[in-house]
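Structural characterization, general
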Amino acid sequence: MHYFDLKDGVLHAEGVSLETLAQEAGTPTYAYSAATLRRHYGLLREACDAHKGALGDALIAFAVKANSNLSVLATLAKLGCGADTVSEGEIRRALAVGIPGERIIFSGVGKTDAELAFAIEQGVRQINVESSAELDRLIAVSSSLKQVATASRPIGTPNIAIRVNPKIGAGGHAKITTGGAGDKFGVPVEEAMALYARASASPHVTPVGLACHIGSQITDLSPLEAAFRVLRQMTEELRAQGHSVTRLDLGGGLGVPYYGEAATPSPAEYVAMAARVLDGLNVEAAFEPGRLMAANAGVLLSRVIQVNERTDGRRFLVLDAAMNDLMRPALYDAFHDLKPVRPVAGAALPHDVVGPVCETGDTFARDRDLPPLKAGDLVVFMSAGAYGAVMSSEYNTRPLAAEVLVDGDRHAVIRPRPTYDEMFAREPVADWL
Ligand code: LLP
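1. Quick notes on the nonpolar core
Judged by nonpolar contacts, the single largest core of 108 residues is most densely connected at Leu55 and Phe287. Sort the elements by how many residues they give to this core and helix 9 (residues 221-240) lands first, with 8 residues. Sequence-distant contacts of Phe287, that is, excluding residues within four places in its chain, are made with Cys48, Leu55, Ala58, Leu59, Ile60, Ala61, Leu250, Gly251, Tyr270, Val271 and Ala274. Among the nonpolar cores identified, the runner-up in size contains 18 residues, and Leu11, Val16, Leu18 and Val299 belong to it.

2. Concerning the site of the ligand
Taken together, 18 residues surround the ligand, and among them Ser216, Glu288, Arg291, Arg328 and Tyr387 come closest. A distance of 3.2 Å is found between a nitrogen atom of the ligand and a side-chain nitrogen or oxygen belonging to Asp84. Within the contact set of the ligand, an oxygen atom lies 2.6 Å away from a side-chain nitrogen or oxygen of Tyr387. In isolation the ligand offers 590 Å² of accessible surface; the protein chains occlude 92% of this area. Looking at the shell around the ligand residue by residue, the class counts come to 6 nonpolar, 6 polar and 6 charged.

3. Quick notes on unusual backbone geometry
Trans is the prevailing form of peptide bonds, just as negative phi is the prevailing case for residues other than glycine. The omega torsion across Thr27 and Pro28 is -5 degrees, close enough to zero to call that bond cis. Among the secondary structure elements, Pro28 is positioned in the loop between helix 1 (18-25) and strand 4 (29-33). One non-glycine residue with positive phi stands out, namely Ser383, at about 55 degrees. Looking at the element boundaries, Ser383 is found in the loop between strand 18 (378-381) and strand 19 (402-407). With phi around 50 degrees, Thr397 is a residue other than glycine that occupies positive phi space. Inspection of the secondary structure assignment puts Thr397 in the loop between strand 18 and strand 19.

4. Brief notes about the pairing of strand 14 (residues 315-319)
A large share of strand 14 lies buried, amounting to 5 of its 5 residues. Residue alternation in strand 14 divides its side chains into two sets, Arg315, Leu317 and Leu319 and Phe316 and Val318, and both sets are buried. With 5 bridges joining them, strand 13 (residues 298-309) and strand 14 adopt antiparallel strand pairing. When the sheet's bridge partners are listed, Val307 is paired in strand 14 with Leu317. Between the antiparallel neighbours strand 13 and strand 14 lie 5 residues, among them Gly313 with a positive phi of about 95 degrees. Here strand 14 pairs with strand 16 (residues 349-354) via 3 bridges, running parallel. Looking across to strand 16, one finds that Val318 is bridged to Val354.

Rules and cut-offs
- Every residue gets a number counted from 1 within its own chain, in the order that chain's sequence is written.
- Predicted model: local features are reported for residues with pLDDT of at least 70 only, side-chain atom pairs are reported and counted for 80 or more only, and whole-chain, interface and lining totals are derived from all residues.
- Derived side-chain values reflect all non-hydrogen atoms in the structure, with water molecules and hydrogen atoms excluded from consideration.
- In this description, a nonpolar core means a group of buried Ala, Val, Leu, Ile, Met, Phe, Trp, Tyr and Cys residues linked to one another through side-chain atoms lying within 4.5 Å.
- Three exposure classes are used, based on accessible area relative to the maximum for each residue type with a 1.4 Å probe and protein chains only: buried under 20%, partly exposed in between, and exposed over 50%.
- Runs of E in the DSSP output that reach at least two residues are strands. Runs of H or I that reach at least four are helices, and both are numbered from the N terminus.
- Here, residues are in contact when the closest pair of their heavy atoms is within 4.5 Å.
- If even one non-hydrogen atom of a residue comes within 4 Å of a molecule or strand, that residue is called near it.
- In protein, a polar contact requires one atom able to donate a hydrogen and another able to accept it; more generally it is a pair of N or O atoms within 3.5 Å, and residues adjacent in sequence count only if both atoms are side-chain atoms.
- Note that accessible areas follow from Shrake-Rupley with a 1.4 Å probe, and for residues the cover is restricted to the protein chains shown.
- Here the nonpolar group is Ala, Val, Leu, Ile, Met, Phe, Trp, Tyr, Cys and Pro; Asp, Glu, Lys and Arg are the charged ones; every other residue, Gly included, is treated as polar.
- Strand pairing is assigned whenever DSSP identifies at least 2 bridges connecting the two strands.

Laid out in structure tokens, this is it:
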């Protein structure tokens, strides 16, 4: 569900024409819809609140990696949304927009000592520990911070969750599956039980629960349900051993309909399934949705540079957006619907949709049926609000795409396209040159 619709023959983001945005911000530009973000958060919030008995006062922690623009985060922060973070930088972004430490979860397979110390100092809600080696380092970091704590600068004992790898991988592509046996994330069930006991025995960390995230773009609830059942069983066993388990972090992963069809389970069905599995356990749940919140809240606006009609019959639609702006098709063979900003009359013809970057990987789509577009036409890649701008680079010395936020009739450039001077200023030339 999103708020990008045709009005008076032109595609709009809410109340603002994408032609206006292209005129003001240029292309390529990411355009986000605040109403869509709010709607997605609202649906999840409503579903969680309907299942308070089973899920407690569930935290919805937006996976900042999906879209870390400060205005996007601020839009969600105002609703009471939390943040799932995987680096000091992401924690800083969440704090910068007013998400309090108590709503910030810190996950990730390779947190440095400095990052762990920062998270402890900021009093984040919970650190998800992903390995035995990390638990050792966290205990050491926490213990050494306590030695420098003062009355005016007290340092709390960090709450931790142990991230379990349930050997249930799922997701839209092998590169975004995280819960499979061989994947680098978390520890197997047996090891998680042992780590929990070890953490319980340390005065420097407080184990509060378990965490799990098995993959991304999951379009079937059954692997998620199987993973949640593993968490439930572990909780019961840990409690039988005398441990306190008060929180379960259920990760993110629910997919979105990239093809325009409504085949994915709804947020309500997803949350109801979690509530069914956890019913009677008396834990507080956390969800870490990224894509679900942001994907359909953003489009990548681009202009046709030209159409190359070759004598061998291939037809290339060459856009001013490229793989450096939206990497998902090159990296995961991902599908993003492409729409003209002004509908074009004429029969659809197969096009290869490409950008100007100098490699064949810079291909957004092969043989995509599109109406006859021409140089100068504006198009949008739909569902580009998650893992779009955040994964972009300046490859081929292409300035990062601008980002614009629309909210009703208002719009603002929330990340201007850098100038070449700004780009070069970041690279001081060695003084002997
Ligand atoms: N929690 C953890 C611990 C994660 O690793 C992730 C995503 C999420 C939550 C959010 O998952 P989501 O709800 O968005 O599925 N760049 C890839 C996706 C990578 C996802 C990585 N982890 C893509 O463009 O498809």
